[in-house]
Amino acid sequence: MWEGLRLQVFFLCLGAALWSAAVAATHRGSVPRERGHRRHLSLHRHRERGKEGQVLHRSKRGWVWNQFFVIEEYTGPDPVLVGRLHSDVDSGNGNIKYILSGEGAGTIFVIDDKTGNIHATKKLDREEQAQYTLTAQAVDRDTNKPLEPPSEFIVKVQDINDNPPEFLHGPYYARVAEMSNVGTSVIKVTATDADDPTYGNSARLVYSILQGQPYFSVEPQTGIIRTALPNMDREARQEYDVVIQAKDMGGHMGGLSGTTQVKISLTDVNDNPPKFAQGVYAMAVAEDKVPGEEVGRLKARDPDVAENGLVDYRILEGDGMNLFEITKDSETQEAVIKLKKPVDFETKRSYTLKVEASNPHVDPRFIAWGPYKDTTIVKISVEDADEPPTFIAPSYNFEVEENAPAGTLVGRVHAKDTDIMNNPIRYMIPRYTDLEEFFTINTEDGIIKTTRPLDREAQAWHNISVSAAEIGGHHQDAKVRVNIKVKDVNDNAPEFATQNEVLVCENVSPGKLIETVSATDKDEMAHRQHFHFSLAPEVANNHSFSLKDNRDSTASIFVIRKGFSRMSQDVYHLPIEINDNGVPPMSSTNTLIIRVCSCDSKDTILSCNVEPFILSAGLSTGALIAILACIVILLAIVVLFVALRRQKKEPLIVFEEEDIRENIITYDDEGGGEEDTEAFDIATLQNPDGANGFLPRKDIKPELQYPMHPGLRPIGNSVDVDDFIKTRISDADNDPTAPPYDSIQIYGYEGRGSIAGSLSSLESVTTDSDLDYDYLQSWGPRFKKLADLYGTKDSADDNS
């Protein structure tokens, strides 16, 4: 097999060489001499050594070469012979050395430096690199000097069919309208082949359909997919899976192929009219339904989608066109029949409507297929219901005077039963509309009365509700609004509109207007009603102020004397009587407060407070500031002195030398017991510094020197040990010479003269003692254990 392949390569190279030679012979007459086939090296050298001034002629190229070809993907055991290079200066004696450089030289292509044979050492792939540019040169083998200029040549990789077609953009998704004509273009698919399209049929592709017949077809040369069947219905089938194949070698046997999938969806067109499922629809509505409530629904089916499946509804005719209306639910595409006006079972018990459903968007291509609409009949029956009573009026407005006595008539409401039974009505006022229960209603006739007098100034309107329900009915009631206005009565006296004080200067001039007063009244003011002002009788003849009624519900206050003094009187109270001319008239006395103030020459108020007399001759502001500064300096000195004293504060107890408690003091004297009070003082052991006197204290200055208390001893059974210890603790606490800290008082001396004797048990074994220890019973509960031990000795011996 390899021998046959090598033979094929040899003939291929031979054919290429012959073709190159023929081309060179054809163009020999027109091509310059440098493109000739050979060159005489000796002539080239002779002319190069010519003298100056000689004309140098361009010599012919001395290479014998062609455009070489090598087949791709060759995997034979021996390197492939690409071609042979030879120069006419090569006499065959081995002095010529051929050198190869350029793309792939030395790695892919190697040359025999003696013969000029070029071999390919590796498998080549045209799809990676289609050609290589190399440079060859003949040099002297001994000196490596070039014998001729280098020349370039090309090695082309000859293609074989080693790449199948590929659909780089697959899978494909396409859409085509349903009911399309045969041959309608759907989509174009394109495959690519990496092989050389200029050589052979390796990249010549042919398309065919493997799956999708008989619905679709594909053009072999272009890859355009077209419809193959007429009237494909989306409602019957919406999606199709089509498989397209692309095959190289012109589709002949032995070619490579590739496939892709194409998912084709049919888009909708309006080719179906809406259709009601029933010819007659029955519905019912109760007579107590209010306008706007839904009565029922119906739907016309349209298999189309999106805007092609939209359906509009309308009422064409019928005796209920004025009582019912039709709308559309945009989500469900249903017709919704609603109540437009109330219906009455006692008046009419059934209605008929003719409803039409139609497509708003019609495709003119399919208009001949029939009308895109449908009709149906809707029968609506009215159901009887126990309706609540109905008030004759939608609301009621009444008036009642304020302060009218309880039981005054306000008005009457009336309701009736609209049902055939015509049951009697019961009235009531819901408490939440009349929380304070100002009104009451007769449950039988609907008469409303007051329960107590009303005050217009507290509440001018009362808005209550009255409910009416059938007696013996289903507890359904109706409510009506009742608005009650409280008519005004002049029962409030007028008063000042504001309660501000009037300020007047001490040096005010007589006749000056100091204030204009006005009044207000909680009652309603009539059209011609106004307020009258006058001074109260008790101040009508005062000599300080006067009043003028302006007859416009205001009054002016004037000063009638000169000279006011705050020292003598700083506040004046001027009672003014205000009268309204209502029916009945009301009046009141209001006091106007006038305060005398200190003013400057321009009547600017400076002060209105009563100042002490001493302030007139008091200190100036500068003097007060100087006094305050002195006080602050003195306080700072005192604080500084106290701080320094605290820093230099000495310890509470002053020792003349070092602390005596750090030394050992030996006493050779033996005391004489509790009876010996003259030998030495036990306090010396605890406080040697206080042996010759009391110990001075730094924090407390004692006024008396307490004498040292001798130790107390219990006498017989009359002294309690608890009292003894408490006495010593009290003496220590009250002793001013004691240290200012807690100390332990030790009583460790037992005298020879103690009637208690020794309490030690060391001698109790060898010594017979006839002492009586019954006195231990009187020492208290703390010595009870000791008394039990020694008090029961005799009885224990007797028993033994």
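Structure's up top.
Residues numbered from 1 in each chain as written. Predicted model: local features only at pLDDT ≥ 70, side-chain atom pairs only at ≥ 80, totals over all residues. Heavy atoms only, no water.

Engineer: Report on the sheet that holds strand S13 (residues 216–218), specifying residues and quantitative values.
Structural biologist: Where strands meet in a sheet, backbone hydrogen bonds hold them as pairs that are either parallel or antiparallel. One open sheet accounts for three strands, arranged S11-S14-S13; its pairing is antiparallel. Each of the sheet's edge strands pairs with one partner strand only, and the pair in question is strand S11 (185–188) and S13. Neighbour-to-neighbour, the strand axes of this sheet turn through a mean angle of 25 degrees, independent of strand direction. Here S11 pairs with strand S14 (residues 224–227) via three bridges, running antiparallel. Paired with Ile 187 across the strands is Ile 225, a residue of S14. (Pairing = 2+ DSSP bridges. Helix = DSSP H or I, 4+ residues; strand = E, 2+ residues; numbered from the N terminus. Axes fitted to C-alpha atoms, helices over the stretch in contact; angles between N-to-C directions.)

Engineer: If you had to explain unusual backbone geometry to someone new, which residues and values would you point to?
Structural biologist: Cis geometry marks the peptide bond from Gly 170 to Pro 171; its omega dihedral reads -5 degrees. Position of Pro 171 among the secondary structure elements: in the loop between strand S9 (151–158) and strand S10 (172–177). The amide bond that connects Val 583 to the next residue, Pro 584, takes the cis arrangement and shows omega of -10 degrees. If you trace the backbone, Pro 584 turns up in the loop between strand S41 (571–580) and strand S42 (586–599). In the Ramachandran plot, Asn 144 falls in the positive-phi region, its phi being about 60 degrees despite a non-glycine side chain. With respect to the helices and strands, Asn 144 occurs in the loop between strand S8 (131–140) and S9. In this structure, Met 179 takes a positive phi of about 65 degrees despite not being glycine. Counting through the fold element by element, Met 179 comes out in the loop between S10 and S11. Judged by relative accessible area, which is 14%, Met 179 ranks as buried. (Buried < 20%, exposed > 50% of the residue type's maximum accessible area, 1.4 Å probe, protein only.)

Engineer: I'd like a description of the pattern of salt bridges, backed by residues and values.
Structural biologist: A full pass over the atoms with the stated rule returns 22 salt bridges. Across the pair Arg 297 and Asp 329 runs a salt bridge whose closest N-O atoms are separated by 3.0 Å. Of this pair, Arg 297 sits in strand S19 (residues 294–298) while Asp 329 sits in strand S22 (residues 324–329), placing them 32 residues apart in sequence. Note on Arg 297: relative accessible area 35%, which makes it partly exposed. Taking the relative accessible area as the measure of exposure, Asp 329 reaches 19% and is therefore buried. (Salt bridge = Lys/Arg side-chain N within 4 Å of Asp/Glu carboxyl O.)

Engineer: With reference to specific residues and values, describe the packing of aromatic side chains.
Structural biologist: Following the criterion strictly, the structure yields 14 aromatic pairs and no others. Arranged with centres 6.3 Å apart and planes meeting at 50 degrees, the rings of Phe 276 and Tyr 313 form a pair that is tilted. In this pair, Phe 276 is assigned in strand S17 (residues 275–276) and Tyr 313 in strand S21 (residues 312–318), connecting sequence segments 37 residues apart. The same class applies to Phe 276 as to Tyr 313, namely buried. Connected via pairs of aromatic rings, a cluster forms that spans Tyr 215, Phe 216 and Tyr 240. Sitting over the face of the ring of Tyr 351, Lys 348 holds its NZ or CZ atom 5.3 Å from the ring centroid. (Phe/Tyr/Trp six-rings, centres within 6.5 Å; stacked < 30°, edge-to-face > 60°. Lys NZ or Arg CZ within 6 Å of the ring centre and 35° of its normal.)

Engineer: Just give me the short version of the state of the cysteines, but keep the residues and values in it.
Structural biologist: Overall, the coordinates contain two disulfides when judged by the stated rule. Disulfide pairing places Cys 597 opposite Cys 608 at an S-S distance of 1.9 Å. Linking Cys 597 and Cys 608, the disulfide has an S-S dihedral of approximately 105 degrees and is accordingly described as right-handed. Here Cys 608 lies in the loop between strand S43 (605–607) and helix H3 (621–647) and Cys 597 lies in strand S42, a separation of eleven residues in the sequence. (Disulfide = S-S within 2.5 Å.)

Engineer: Can you tell me about helix H5 (residues 721–734), naming the residues and giving the values?
Structural biologist: Under the 1.5 Å per step criterion, the end-to-end length of H5 is 20 Å for 14 residues, consistent within 8% with the ideal 20 Å. Within the sequence span of H5, burial applies to Val 721, Asp 722, Phe 724 and Arg 728. One side of H5 carries all its buried residues, which in axial view fall inside an arc of 165 degrees. Exposed side chains of H5 directed beyond 90 degrees from the buried face belong to Lys 726 and Asp 733. (Expected span 1.5 Å × (residues − 1). Arc of directions from axis to C-beta.)

Engineer: Provide a residue-level description of the sheet that holds S21, including the pertinent values.
Structural biologist: Strand order in the open sheet formed by four strands is S18-S25-S24-S21, with mixed pairing between adjacent strands. Looking at which strands have only one partner, the edges of the open sheet turn out to be strand S18 (280–286) and S21. Geometrically, the sheet is characterised by an average inter-axis angle of 30 degrees between neighbouring strands, direction not taken into account. Where strand S24 (residues 350–358) lies against strand S25 (residues 373–383), nine bridges are found, and the strand directions are antiparallel. Its bridge partner being in S25, Ser 350 is matched across the sheet by Ser 381.

Engineer: Please provide a residue-by-residue account of the pairing of strand S30 (residues 425–428), values included.
Structural biologist: Where burial is concerned, the two faces of S30 differ: the one with Ile 425 and Tyr 427 is buried and the one with Arg 426 and Met 428 is not. With four bridges joining them, S30 and strand S33 (residues 461–470) adopt antiparallel strand pairing. When the bridges of S33 are listed, Met 428 appears paired with Ser 467.

Engineer: Go over the pairing of S24 with me, naming the residues and quoting the values.
Structural biologist: Two elements, S21 and S24, share six bridges in a ladder whose sense is antiparallel. Within S24, the residue paired with Asp 312 across the bridge is Ser 358.

Engineer: Describe in detail the environment of His 252, supporting the description with residues and values.
Structural biologist: Turning to its location among the elements, His 252 is positioned in the loop between strand S15 (239–247) and strand S16 (257–267). Looking at His 252, its side chain comes within polar contact range of the main-chain oxygen of Met 249, at 2.8 Å. (Polar contact = N/O pair within 3.5 Å; in protein donor to acceptor, adjacent residues only side chain to side chain.)

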